[in-house]
Amino acid sequence: MNKEVTLVVAGIMRKGNLIFAAQRNKNAHQALKWEFPGGKVEKGEQPERALERELKEELGISTKTGELFSDKTHAYPEKTVKVLFYVSEILSGEPQAIEANQIGWFTKEELIKLDFSGADGDVAGEIYERL
């Protein structure tokens, strides 16, 4: 069975030595797992613009997409996703849990202890090593 790969973007946001993460809604795929927020890239959309759109929808913030930090492909039983993780800068607003169960700013040590969804856990480890 040939599964289509869904392109997804996620933002890594920093405030001083803290990194932002969101806990998925209880009704979402991978419910209550932690993630770096973002979402699907729509057909014809640039990944960087998709990330800015998703962060506005999910968290109510305006952001600027920076450099690509990492990309991961992760196969779940029901779908395969390729996630592009970008460093994102908050231009205005304070993140709100519009679609998330809860949100927070974490030290790198706290971050790697969270129960992450799929590829996000691998990237949490990379953040710990590289940022």
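Note that the structure is predicted; figures quoted are calculated from it, not measured.

Criteria and thresholds
- Residues numbered from 1 in each chain as written.
- Predicted model: local features only at pLDDT ≥ 70, side-chain atom pairs only at ≥ 80, totals over all residues.
- Heavy atoms only, no water.
- 1 Å grid on protein atoms, 1.4 Å probe; cavity = no way out; pocket = protein on both sides within 12 Å on 5 of 7 lines; lining within 4 Å.
- Points joined across faces, edges and corners; volume = space filled by probe spheres on them.
- Helix = DSSP H or I, 4+ residues; strand = E, 2+ residues; numbered from the N terminus.
- Core = buried A, V, L, I, M, F, W, Y, C linked by side-chain atoms within 4.5 Å.
- Buried < 20%, exposed > 50% of the residue type's maximum accessible area, 1.4 Å probe, protein only.
- Contact = heavy atoms within 4.5 Å.

Considering the layout of surface pockets
In this structure, the largest pocket spans a volume of roughly 590 Å³. Taken together, 33 residues make up the lining of the largest pocket; nearest its centre are Val8, Arg24, Glu35, Gly38 and Gly39. Mapped by element, the contributors of at least two residues to the lining of the largest pocket are strand S1 (5-15), strand S2 (18-23), strand S4 (38-40), helix H1 (47-59), strand S6 (80-92) and helix H3 (118-130).

Thoughts on the nonpolar core
Generally speaking, nonpolar side chains in soluble globular proteins are found buried as a group. In this structure, Ile12, Phe36, Phe85, Leu111, Phe116 and Ile127 are the most contacted members of the largest nonpolar core, which totals 20 residues. Breaking this core down by element, the ones donating at least two residues are S1, S2, S6 and H3. Of the residues forming this core, the biggest block, four residues, is contributed by H3. When residues no more than four places from it in sequence are discounted, the contact partners of Phe85 are Ala10, Ile12, Phe36, Glu67, Leu68, Phe69, Ser70, Lys72, Ala119, Asp120 and Val123. One finds Met13, Val41, Leu51 and Ala100 within the second-largest nonpolar core, a separate group that totals 13 residues.

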